[in-house]
Amino acid sequence: MSKLFLTLGALMLVIVAGSSFMPQQQPSLKASITRGKEVYTTYCLACHQADGTGVPNLNPPLAKTSWVNGDKKRLINVLLKGLDEEIEINGEVYSNPMPSHAHLKDQEVADVLTYVRNSFGNKASLITPAEVAAVRKTIK
Ligand code: HEC
C-alpha cells in the first residue's frame, strides 16, 4: 500500500517538475483564446460565421482584415460603439450597421478580440481587459 503511494508521489513529482521545465507558451494568450471562442460563438458567429468569412455584402469577414489585425483602439471601439459606415474589404462593400457590444465585460471583449486576432489565419497580439477599460473610458 505504502509502496503504491510512494510510486504515485514520485509520479506526481515528475509531472510537476516536468511541467515547470516545459517552455510555457504564453499561457494567458491560450486561455484568453479559449474563453474568447465561447464569447464569439454566443455573440458574433451568427453574423461573421464560424470560420470568420462573414456573408458577402452583408457581414464583413474577420479573416485578415486591417480592422482585426490593425490598431487595437480602433478594433476595441468597433465592439464598444458598434460601426455604421461604408467599409470595403477585399473589394466587397459593407454598409449594414454592426451593433454595439458595450454590454460585454472588459474581460469578454478582450478575450473575443484576442480569439479573433488569433483565428481565421490571423496572427496578432493579444488584447487585455485593461486596454478595453482604457478605451471604454473615452466613450461617453
Ligand atoms: C448583427 C450582426 C453582427 C454581429 C452580431 C456582430 N457583427 Fe461585427 N460587423 C457586422 C457588420 C454589418 C459590420 C460592418 C459595419 C459597417 O460597415 O459599418 C461589422 C464589422 C465588424 C468589424 C470590422 C470590419 C471587419 O470585418 O474587420 C469587426 C472587427 C467586427 N465586426 C467584429 C465583431 C465581433 C468580434 C463580434 C462579436 C462580439 C461582432 N462583430 C458581432 C455585423 C455584426
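In this report, the structure presented in the accompanying data block is examined. (Residues numbered from 1 in each chain as written. Predicted model: local features only at pLDDT ≥ 70, side-chain atom pairs only at ≥ 80, totals over all residues. Heavy atoms only, no water.)

**A word on the overall build of the protein chain**
Moving on, step 1. Per the secondary structure count, the protein chain includes seven helices and two strands.
Moving on, step 2. The order of α-helices and β-strands along the protein chain, N terminus first, is α-α-α-α-α-β-β-α-α.
Moving on, step 3. When contacts within the protein chain are restricted to residue pairs at least 6 apart in sequence, long-range pairs at least 24 apart make up 58% of them.
Moving on, step 4. Summed over its atoms, the accessible surface of the protein chain is roughly 9,000 Å², and 62% of this surface lies on carbon and sulfur atoms. (Helix = DSSP H or I, 4+ residues; strand = E, 2+ residues; numbered from the N terminus. Contact = heavy atoms within 4.5 Å. Areas by Shrake-Rupley, 256 points an atom, 1.4 Å probe, with all protein chains shown as cover.)

**Considerations on the packing of helix α5 (residues 72-81) against helix α6 (residues 106-117)**
Moving on, step 1. For the pair α5 and α6, the least separation of the axes is 11 Å and the interaxial angle reads 120 degrees. The pairing of α5 with α6 is recorded here as oblique in orientation. In the packing of α5 onto α6, the handedness of the crossing is right-handed. Between α5, through Lys 72, Leu 75, Ile 76, Leu 79 and Leu 80, and α6, the contact on the second element is made entirely by Val 109, Val 112, Leu 113 and Arg 117.
Moving on, step 2. Across the contact of α5 with α6, the residue classes tally to seven nonpolar, no polar and two charged. (Axes fitted to C-alpha atoms, helices over the stretch in contact; angles between N-to-C directions. Parallel < 35°, antiparallel > 145°, perpendicular 65-115°, else oblique. Left-handed = near helix turned anticlockwise from the far one by under 90°. Nonpolar A, V, L, I, M, F, W, Y, C, P; charged D, E, K, R; others polar.)

**Considering the coordination of the iron atom of the ligand**
Moving on, step 1. Protein coordination of the iron atom of the ligand is provided by His 48 (NE2) and Met 98 (SD), with donor distances spanning 2.0 Å.
Moving on, step 2. One can describe the donor arrangement at the iron atom of the ligand as octahedral, given that its six donor atoms subtend angles of 87 to 179 degrees at the metal. Taken together, the residues His 48 in helix α3 (residues 45-48) and Met 98 in the loop between β2 (92-94) and α6 connect sequence positions 50 residues apart. (Donors = N, O, S within 2.8 Å, 3.2 Å for Na, K, Ca; no water. Tetrahedral: all angles 85-135°; square planar, octahedral: opposite > 155°, others 65-115°.)

**Describing the nonpolar core**
Moving on, step 1. Ranked by internal contacts, the top residues of the largest apolar core, which has 26 residues, are Tyr 40 and Leu 113.
Moving on, step 2. If you tally residues by element for this core, the top one is α6, at six residues.
Moving on, step 3. The contacts of Leu 113, once residues within four sequence positions are left out, are Leu 75, Ile 76, Leu 79 and Ile 127. (Core = buried A, V, L, I, M, F, W, Y, C linked by side-chain atoms within 4.5 Å. Buried < 20%, exposed > 50% of the residue type's maximum accessible area, 1.4 Å probe, protein only.)

**Section: the side chain of Asn 122**
Moving on, step 1. Here Asn 122 lies in the loop between α6 and α7 (129-137).
Moving on, step 2. Owing to a relative accessible area of 5%, Asn 122 belongs among the buried residues under this scheme.

**A word on the site of the ligand**
Moving on, step 1. Near the ligand lie 27 residues; those nearest to it are Cys 44, Cys 47, His 48, Pro 61 and Met 98.
Moving on, step 2. At a separation of 2.8 Å, a nitrogen atom of the ligand approaches a polar side-chain atom of His 48.
Moving on, step 3. Here an oxygen atom of the ligand sits 3.2 Å away from a polar atom, N or O, in the main chain of Tyr 94.
Moving on, step 4. Mapped onto the shell around the ligand, the elements with two or more residues apiece are α3, α4 (66-69), α5 and β1 (87-89).
Moving on, step 5. Here the element with the most residues in the shell around the ligand is α5; it accounts for three residues.
Moving on, step 6. Here the shell around the ligand is composed, by residue class, of 19 nonpolar, six polar and two charged. (Near = heavy atom within 4 Å. Polar contact = N/O pair within 3.5 Å; in protein donor to acceptor, adjacent residues only side chain to side chain.)

**Things to note about the pattern of salt bridges**
Moving on, step 1. Under the defined criterion, the tally for this structure stands at three salt bridges.
Moving on, step 2. Across the pair Glu 131 and Lys 72 runs a salt bridge, and its minimum N-O distance is 3.0 Å. In this pair, Glu 131 sits in helix α7 while Lys 72 sits in helix α5, placing the two residues 59 residues apart along the sequence.
Moving on, step 3. According to the relative accessible area criterion, Lys 72 is partly exposed, its value standing at 22%.
Moving on, step 4. A salt bridge links Asp 106 to Arg 136, with the nearest nitrogen and oxygen atoms 2.8 Å apart. Of this pair, Asp 106 sits in helix α6 while Arg 136 sits in helix α7, placing them 30 residues apart in sequence.
Moving on, step 5. A relative accessible area of 26% places Arg 136 in the partly exposed class. (Salt bridge = Lys/Arg side-chain N within 4 Å of Asp/Glu carboxyl O.)

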